[in-house]
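# Residue-level structural notes
Here are the chains, one letter per residue:
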Amino acid sequence: MANAKLVAIVATLVILQQLSTCAGRGQAPRQAGPLGTPGVMTVNGFEKGQDGGGPAECDGKYHSNGDLIVALSTRRYAGGRRCHKPIRITSKHSSRTVVARVVDECDSRHGCKDNIVDTSAAVWKALGHDTSIGEVPVTWSDA
């Protein structure tokens, strides 16, 4: 009985240490589960004058829609901690996967739903979808 309690205490301490190490480096926590976080992929224009609005939050620049890039909803953007980091996006319709770089925030305080993965046309093409579909269910995770 004492051994079981000791094992439980040690396991708890190890988990707490891992969580504090991740938080101490200012990193966004990884998603739980092998399939990633469910989301809805939408298309965004990242070039000047397009529907994406102003320049990207991560670097204050506009980007080519030919680049594999993404804007994540406010909570997933994690205050910029995911800026320039790769995420893996998998389409539930085509089962294809692509790695894209986070460059912007899709502001959930101004209409962007919490589960939105707002991507460039290049991401849609890589996943085998036409942007006219409008929305596609996906899963995503830190790559």
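Just above, that's the structure.
Now for a look at the structure at hand.

About the thresholds
- Residues numbered from 1 in each chain as written.
- Predicted model: local features only at pLDDT ≥ 70, side-chain atom pairs only at ≥ 80, totals over all residues.
- Heavy atoms only, no water.
- Helix = DSSP H or I, 4+ residues; strand = E, 2+ residues; numbered from the N terminus.
- Buried < 20%, exposed > 50% of the residue type's maximum accessible area, 1.4 Å probe, protein only.
- Disulfide = S-S within 2.5 Å.
- Pairing = 2+ DSSP bridges.
- Axes fitted to C-alpha atoms, helices over the stretch in contact; angles between N-to-C directions.

### Brief notes about the overall build of the protein
- Secondary structure assignment for the protein yields 3 helices and 6 strands.
- When the elements of the protein are put in sequence order from the N terminus, they spell out α-β-β-α-β-β-β-α-β.
- Across the 143 residues in the protein, those meeting the buried criterion constitute 36%.

### Re the state of the cysteines
- Taken as a whole, this structure holds 2 disulfides when the rule is applied.
- Two residues share a disulfide in this structure: Cys-58 and Cys-83, whose sulfurs sit 2.1 Å from each other. Here the S-S torsion is close to -85°, and the disulfide linking Cys-58 with Cys-83 is therefore left-handed. With Cys-58 in the loop between β1 (37-43) and β2 (69-73) and Cys-83 in the loop between α2 (74-77) and β3 (86-91), the pair connects residues that are 25 residues apart, well separated along the chain.
- Cys-58 gets classed as buried once you look at its relative accessible area, which sits at 17%.
- Look at Cys-83 and you get buried, because its relative accessible area is 18%.
- Disulfides within the protein link the bonded cysteines, taken in sequence order, as 1-2, 3-4.

### Describing the sheet that holds strand β4 (residues 97-106)
- Pairing is mixed around the closed barrel formed by 6 strands, whose spatial order is β1-β5-β2-β4-β3-β6. Across the sheet, the mean angle from the axis of one strand to that of its neighbour is 45°, orientation sign disregarded.
- Sheet topology note: the β3/β4 ladder contains 5 bridges and is antiparallel. Within β4, the residue paired with Ile-89 across the bridge is Val-98.

Read these as geometric descriptors, not functional statements.
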